[in-house]
Each structure stands twice: as C-alpha cells, then as structure tokens.
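# Close look at the chain arrangement
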Amino acid sequence: TTMANHLPTAELQALDAAHHLHPFTNGHELAQKGARVIKSAKGVWLKDSDGNEIIDGMAGLWCVNIGYGRDELADVAARQMRELPYYNTFFQTTHAPALMLARKLAELAPGDLNHVFFSTGGSDANDTNIRLVRTYWAEKGQPERNVIISRWNAYHGSTIGGTSLGGMKGMHGQGGLPIPGIEFIDQPNWWVEGGDTAPEEFGLERARQLEAKINEIGPDKVAAFIGEPVQGAGGVIVPPETYWPEIQRICDQYGIVLITDEVICGFGRTGNWFGSQTFGIRPDIMTMAKGLSSGYQPIGASVVSDEIAQVLSGTDFNHGYTYSGHPVAAAVALENLRILEEENIVGHVQNVAAPYLKQKWEGLLDHPLVGEAKIAGMMASVALTPDKAARAPFASDPGVVGQICRDRCFANNVIMRHVGDRMIISPPLVITPDEIDILIDRARLSLDECL
Ligand code: PLP
C-alpha cells in the first residue's frame, strides 16, 4: 500500500474510476474532476498526491479530534494485534481491551450511564438503539410502546436503521425508508424556519412539537426521542438555548427514553466531554463513535443507564456485531481517551481554541454573503445569503452557491463542507490559534471568490 501511495496521481485516479464506488459522492462531478488523492497527514494538515498541504477544517468526517499522526495509537494497535488481534464478546467470553474501554466510558459519561454495547460506528450503534429501546419496553410489559420520534434534517447514519432514524428526505427516497414506527418533528433551524419569531420563543415552539407529537401518537406508544445535541451533518444547526431544557421536561413528563446521538458532539467537540453536558441534557442512552477513537479505528458504542441495563439483563438480547468491542479498536480508543485526558484537550478547547475560533468565525459576519454565524465549541456554520436582512435563499437551486464555495475552499487547500447554502467546519480539537488564522483566511478568500 505504501508503494501504491507513490503511484502517479493520474494512475490512482484511473483505478478509482475503474473500481471504486464512493459514499455520498456526485457521480458526474467525480467523473469530470477525478478524486483528490490524500497521501498522508500530521496534526491538522493533509498532504495530497500533488504535494499540496491542505488544512483539514473537518477533522476528516468530524472525527480526528486529537489530530493526525499520533504514533502512540499506532504502537498500541501493533501491540494489541500481536497479543490478541481478534476475539469476540459473544456467548460468555470477554477480553480486557473491551472491559477497560467500557469502564472508562462509564467513568466519562454523565449520570448513571454505566453500561456499554459496542458497535463498529455510529450507524450500527443507532441500529442497536432501535432494537435495544424496543426490547427494553417489551421486557417491561409494554411492547406497544415502540414508536421512536426523531427530527427532520437529523443525521443518524446510513444503515437501514440509521437512515430511518435520520430525517434526510433524500436518503429516505433511496431504498423505501424509513422503517415503520419512526415519526418526525421539525428541526430547530431558526435561520430558515424561524420567520418573525424570536429565537428563544422559536426554540420553545419547536421543542413543544415533541409534546404535540406524543399526544397525537398516544403517550403509551412512544418509546424514545432521539436527537443530536447540535445537528451536525444537517448543517451545524445550534439550537436556541430554550430548546433542550424543554425537550428534557417533555421526556421526563411522559417517561420517554431520551437518546442523545453524541457521534459528532462527543469527546470534546462542543467544549465539554459530551454535547449533552453543554446543553444541560440528561440522556438515558448516548450514541458514540468518531471521536471515541479519533477515527484511528472503526468503533462505536451505545451507552445506557443502570435502569435500562438492568431490564435488558433479564432477557436474551439477540443482537451483536462480529466486531463489537474489537480488541484492537478498543485498545486504540482507550489510548485516544488517555491522550484526550492527559493532554487536557477538552481544556484546550474551552480555554484556547473555541474562544479564539468563535471570535474569528463571528468575524465572518462582515462578509457580504454571510447572514448567520453559529458556533458550539469546535463546530461552526455560516448561512450564505444574497440578502441578510430578509434571511433570503439564493434564487438559484438551493446549494449551488454552497457548492461553489466548497469547491473554492478545496482549490484553496482548506477542507470545508457545504450543506445546501451553509458552510460548515469541525476541525481537529488540537488546532492552534495560528492554524485557526490560516483556516479563516482561506475560508474568507474562498467566500470572496464566490462574489
Ligand atoms: N450519528 C451522527 C450524529 C453522525 O454524524 C454520524 C456520521 O456522520 C452517524 C451517526 C453515523 O456514524 P457512522 O458513519 O460511523 O456509521
């Protein structure tokens, strides 16, 4: 593979076109432009096959929280592979890496979230959650309590279950989803949907849709509500402050299991270990992945409360993945958490990186195209608009300007994503103020080129 890394770019692109099907990629664009080949990475910097140095404003896919190139993780992986490359935790076996990681997650997770079911990523952790929460209610003698409420524009993964829980209509359309028993309420996206309502009032209104939906379905039929503390792939939609406390009140009042999907928000992204802490949420289940291993190994987890674990322990939960708690992935995740903790990376976010990024990010508001700038710790978005006061969309198809801006960023060696006409970033948490300056300079240059 290292040899292949030295093949000419054109040859690698030809192999890519001949044999590789890409996730979430526009086929026409890919055929025209070819894929950019990433060769190596260190810190917040990627290197491509033409020798360009690219600043990674997305930490891969929101996951490389500790930055690239940490040898400690490679060393731990090699050691674990030599000692025990694989064993499972099915049928009354276990192994130390899974246990050590489960104990660490129980320690880090708030409240009584003390029990861990491992997966290989966020999507299949959410699949686990669907089966787990329905099994929980069935075990409690309420099998009819099986509806899960989610939100439009949520992203919970790409498996059948993850896509069904997600609220991306384009994804539902491919494959006849969602599965039965998933219901949706609107997202708390004030910029697009808030109209004349003040953000705080709008946050309450959107949260109260949950109560209305529960009453429409029947409170004795609702199993759970799931939400990302900050909708990430939906465009970094930071909810008004009033939103989550009202969701919490409603879940408490109706006895509904509250699942926070911490796949992006977890492990320091919003300035605390978990987004639930930043927004004052007390979940019964958390979904984790991405920052759990900083992306160095594929691993995810559903972390559940004492009560849920106790009920489940009364049954055979006929569910599990060959790689649940994979020893190499678990050992690498544990080492990643050690680095996050010992190097006080969450403290770096709180005290240095997030305040500096906020100041620079909100500085983009003086740009003629930028209508709204939102930030939660180290995830941020701007809404592009031709008319700030009217919060107007562009006359062209939605997303065209965002796509042009994304392409300009790509050309200017900064990775940013667009979601429709929102531009988003989520850089490695270890980014320094000097690197933030470079990121913002390149973002501004790219925005200028869209004028
Ligand atoms: N949940 C959230 C909030 C996500 O952002 C993602 C991925 O972006 C997922 C779940 C799916 O995780 P994975 O791609 O690891 O399956």
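The name given to the chain in an unreviewed UniProt entry is Aspartate aminotransferase family protein, with Ruegeria spongiae as the source organism. Of the chain, the UniProt comment under Cofactor (unreviewed entry) reads exactly: "pyridoxal 5'-phosphate". Per UniProt, the chain carries the Sequence similarities (unreviewed entry) text "Belongs to the class-III pyridoxal-phosphate-dependent aminotransferase family."

Put simply, the chain has an average pLDDT of 97, and 100% of its residues get 70 or more. For this predicted complex, the interface confidence reaches an ipTM of 0.99, while the overall pTM sits at 0.98.

On to the pairing of strand 1 (residues 38-42), then. Here four bridges tie strand 1 to strand 2 (residues 45-48), and the two strands are oriented antiparallel to one another. Bridge pairing links A41 to L46 in strand 2. The hairpin formed by strand 1 and strand 2 contains two residues between the paired strands, and G43 there has a positive phi angle of roughly 65°.

What follows is about the site of the ligand. Near the ligand you find 17 residues, and of these G121, G122, S123, G157 and V263 are the closest. When residues of the shell around the ligand are assigned to their parent elements, the largest contribution, three residues, is made by helix 7 (residues 122-139). Residue composition of the shell around the ligand, grouped by class: six nonpolar, nine polar and two charged.

Two numbers describe a pair of packed helices, the interaxial angle and the distance between the axes. Two elements in contact, helix 16 (residues 345-363) and helix 18 (residues 433-448), have axes whose closest approach is 10 Å; the angle formed by their N-to-C orientations is 25°. Here helix 16 lies roughly parallel to helix 18, going by the angle between them. The two elements helix 16 and helix 18 cross, and the hand of that crossing is right-handed. Contacts from V352, Y356, L357 and K360 in helix 16 reach P433, I436 and I440 in helix 18. By residue class, the composition of the contact of helix 16 with helix 18 is six nonpolar, no polar and one charged.

The tendency in soluble globular proteins is for nonpolar side chains to be buried as a group. In terms of nonpolar packing, the biggest core is built from 120 residues, with V133, I148, A224, F225, A301, V303 and A333 touching the most fellow members. Element by element, the count of residues in this core is highest for helix 15 (residues 327-342), at nine residues. For this core, the two domains that each supply at least three residues are domain 1 (36-66 + 344-448) and domain 2 (72-342). Residues contacting V133, with those up to four places away along its chain left out, are I148, A223, A224 and V257.

According to the domain assignment, the chain consists of domain 1 (36-66 + 344-448) and domain 2 (72-342). Computed from C-alpha atoms alone, the centre-to-centre distance between domain 1 and domain 2 is 26 Å. Between domain 1 and domain 2, the contact holds 27 residues from the first and 24 residues from the second. When residues of the side of domain 1 that touches domain 2 are traced back to their parent elements, those giving at least two are helix 4 (59-62), helix 16, strand 11 (370-376), strand 12 (379-384) and strand 15 (422-425). The leading source of residues in the side of domain 1 that touches domain 2 is helix 16, at five residues. Taken together, the residues of the side of domain 1 that touches domain 2 break down into 16 nonpolar, seven polar and four charged.

With an omega of 5°, the peptide bond between L177 and P178 qualifies as cis. In this structure, P178 sits in the loop between helix 9 (169-173) and strand 6 (182-185). Of note, the phi angle at F91 is positive, near 45°, even though the residue is not glycine. By the element assignment, F91 lies in the loop between helix 5 (71-83) and helix 6 (96-108). A positive phi angle, near 40°, is found at K290, a position not held by glycine.

With that settled, the discussion passes to the environment of G266. Residue placement: G266 occurs in the loop between strand 8 (257-261) and helix 13 (275-278). Classification of G266 by C-beta neighbours within 10 Å gives buried; the count is 30. Spatially, the C-alpha atoms of G266 and A289 are 8.1 Å apart, while their sequence positions differ by 23 residues. In contact with G266, not counting residues within four places along its chain, are F274, G275, M288, G291 and L292.

Attention now moves to helix 5. Between the first and last C-alpha of helix 5 there are 18 Å, a value that for 13 residues agrees with the 18 Å anticipated at 1.5 Å per step. By the burial criterion, the buried members of helix 5 are L73, V76 and Q80. Looking straight down helix 5, one finds its buried side chains confined to an arc of 65°; they lie on one side. Projecting away from the buried face of helix 5 at angles above 90 degrees are the exposed residues D71, D75, A78, R79 and R82.

Here the focus is helix 11 (residues 199-217). Taking 1.5 Å of rise per residue, the 19 residues of helix 11 would be expected to cover 27 Å, and the 28 Å separating its terminal C-alpha atoms lies within 8% of that figure. Within the span of helix 11, buried status applies to F202, G203, R206, A207, L210 and I214. One side of helix 11 holds all its buried residues, which, seen down the axis, span an arc of 150°. Those residues of helix 11 that are exposed and aimed more than 90 degrees away from the buried face are A212, N215 and E216. Contact partners of the buried residues in helix 11: strand 5 (147-151), strand 6, helix 10 (190-193), strand 7 (222-227) and helix 12 (243-254).

Reading guide: rules and limits
- Per chain, the residues get numbers from 1 upward, laid out in the order the sequence is written.
- With the structure being a predicted model, the display of local features is reserved for residues of pLDDT at least 70 and the display and counting of side-chain atom pairs for 80 or more, all residues being used for whole-chain, interface and lining totals.
- UniProt positions are given in the numbering used here, feature names are shortened, and annotations may be inferred rather than shown by experiment.
- Every residue gets a pLDDT, meaning the predictor's confidence in that residue, from 0 to 100.
- Two strands make a pair as long as DSSP finds a minimum of two bridges between them.
- A run of H or I in DSSP becomes a helix once it reaches four residues, and a run of E becomes a strand once it reaches two; helices and strands are each numbered from the N terminus.
- In this analysis, residues qualify as near a molecule or strand once their C-beta atom, positioned from backbone atoms, comes within 6 Å of it.
- Residue classes follow a fixed rule: Ala, Val, Leu, Ile, Met, Phe, Trp, Tyr, Cys and Pro count as nonpolar, while Asp, Glu, Lys and Arg count as charged, and any other residue, Gly among them, counts as polar.
- All axes here are fitted lines through C-alpha atoms, helices being fitted over the stretch that makes contact, and every angle between N-to-C directions spans 0 to 180 degrees.
- Note on terminology: angles under 35 degrees are roughly parallel, angles over 145 are roughly antiparallel, angles of 65 to 115 are roughly perpendicular, and the others are oblique.
- By the definition used in this description, the sense in which the near helix is turned from the far one sets the handedness, with an anticlockwise turn below a right angle giving left-handed and a clockwise turn giving right-handed.
- Once C-beta atoms have been placed from the backbone, residue pairs whose C-beta atoms lie within 7 Å are recorded as contacts.
- Put simply, a nonpolar core is buried Ala, Val, Leu, Ile, Met, Phe, Trp, Tyr and Cys residues tied into one set by C-beta atoms within 7 Å.
- The burial label depends on the number of other C-beta atoms within 10 Å of a residue's C-beta. Counts of 20 or more mean buried, 12 or fewer mean exposed, and intermediate counts mean partly exposed, with C-beta atoms placed from the backbone.
- Where a domain begins and ends is set by an automatic assignment or by a domain database.
- By definition here, a helix of n residues has an expected span of 1.5 Å times n minus one.
- Our arc is simply the arc of the directions from the helix axis toward the C-beta atoms.

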